[in-house]
Amino acid sequence: MTVTTTPVRELPDRDALGRLYRARLSKGRATLGEMFGGHVEVESEGAWVTTAEGRKFLNCGGYGVFITGAKHPTVMRHVREQLERHPVATRLFMEPQIALAADALVSVAPPGLERVHFAGSGAEAVEAAIKVARTRGRTRLIAMADGYHGKTMGALSLTGKDVFQDPFRPLLPSVTHVPYGEVEALRKELATCPGEGCVFVEPVQGEAGVVIAPPGYLGAVENACREYGALLAVDEIQTGLGRLGTWWGCGPEGVRPDLLLVGKGLSGGVVPVSAVLATPEVFDAFDRDPYLHTSTFSGAPLAMAAARGAIAALREDNLVGRARVLGEEILRVVGRIVRGHYGPVVREVRGRGLMLGIEFAEPGPAGDLLIELIQHGVIANHSLNSHLVLRLTPPAVLTRGDLDFLYEAVDRACRAQAARYTPTRESG
């Protein structure tokens, strides 16, 4: 039998691709792509993305995925070797990659987290954590206002934004949101359900606009959980694995969670993968029954190879330390550029490591600057839970040339847009 296939390199042109998006995917997604310039990305390497027309963009977006950059050699070596050998397992026999990946992850995790359940996305990791909590009798879930934990039904119940929740109500019962950073509000809620609570918290709220926890907050949250018999689930899907210039956002305060959610950077920017880490006590029901919570592609060898490669790359290239140093410089230089152009229209430029946010005092500038930056060759991100904040989440592999390109692009983009919001100021 003769089978005719379309060569991989024969890609639809921009107009044809737009029609395919509208006919087969989402009209809204097609419109969004057009709003961001209609570019078609086809290649990537390191900190750069290349379009079908051959134009290169510095990738300071990606929602936190690319801490190791695209196609990091160490990650690619692990993935290529596994792809050729055994990409997907039967799930009946033991398979080495999943055990090695779990061991590698535990080796860099906060103390006490010795069990791992792998999943395919951050939201799936959150769902698994909710189920782990229920096996321990913690049926009252407490999350933070404006937090983001995903959009599957359980994860969405924790995501603190009505605009995402309203179309899908009713969601999970017994879920409460309290203000981020306010320990007394959390304590008051925990007091209503002693021994029944599970608290979900992010060290930095990325989608809320890079909202940084007050000093001592995470430690105080842990103490409150211990006092009222609640489990503590720290969501490090965006912040973990070096993004904040430390291995974990909860690390500097010595917080020891019962559950740790990992994703984004665990993929190495190559194969999607996420994980829940837990203490042996909390993981007990999952320990005893391997069929209690399963997924066909959970722990697939190819994804496990990517996870091992990502952790190896972070270690070998000291990317966690680089994230801290690069982040301090970018925060200082970009802050100076943006304030110089926008003045009081900028409320704050803040960040930790390579998660940075530019918050404006009024609606409009964040979105306009995002589009302008793309025109000048830099990909950034908006914030799903804050229309006032533009985010930068660059990789830790930026070179001096990459930094110079970023600063010049930010300066030119701000110069082009700031006059719209500061008409009486002299730009530049």
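Preceding this paragraph is the structure being described.
So, a few notes on the structure that sits alongside this text. (Residues numbered from 1 in each chain as written. Predicted model: local features only at pLDDT ≥ 70, side-chain atom pairs only at ≥ 80, totals over all residues. Heavy atoms only, no water.)

Turning next to the sheet that holds strand β11 (residues 259-262). Whether parallel or antiparallel, the strands of a sheet pair through hydrogen bonds between backbone atoms. Taken in spatial order, the seven strands of this open sheet run β4-β12-β11-β10-β7-β5-β6, and their pairing is mixed. Across the chains shown, the open sheet's two edge strands, defined by having one partner strand only, are β4 (115-119) and β6 (175-178). Put simply, the sheet's adjacent strands are angled 20° from each other on average, direction ignored. As paired strands, β4 and strand β12 (residues 274-278) are joined by five bridges and run antiparallel to one another. (Pairing = 2+ DSSP bridges. Helix = DSSP H or I, 4+ residues; strand = E, 2+ residues; numbered from the N terminus. Axes fitted to C-alpha atoms, helices over the stretch in contact; angles between N-to-C directions.)

This part takes up the pairing of strand β5 (residues 140-144). Each regular strand shows side chains that alternate between the opposite faces of the sheet. For β5, the buried fraction is high: four of the five residues fall into the buried class. Pairing of β5 with strand β7 (residues 197-201) involves three bridges; the strand directions are parallel. Of the residues in β7, the one forming a bridge with L141 is C198. Here β5 pairs with β6 via four bridges, running parallel. Paired with M144 across the two strands is V178, which belongs to β6. (Buried < 20%, exposed > 50% of the residue type's maximum accessible area, 1.4 Å probe, protein only.)

In total, this model carries 20 salt bridges according to the counting rule given. The closest approach of N and O atoms between E34 and R22, which form a salt bridge, is 2.8 Å. With E34 in helix α2 (residues 27-35) and R22 in helix α1 (residues 14-25), this pair connects stretches of sequence that are 12 residues apart. R187 is paired through a salt bridge with E184; the nearest N and O atoms lie 3.9 Å apart. Of this pair, R187 and E184 both sit in helix α8 (residues 183-190), three residues apart, which is roughly one turn of that helix. Relative accessible area serves as the criterion here: at 23%, R187 is assigned to the partly exposed category. Overall, E184 belongs to the exposed group, its relative accessible area being 59%. (Salt bridge = Lys/Arg side-chain N within 4 Å of Asp/Glu carboxyl O.)

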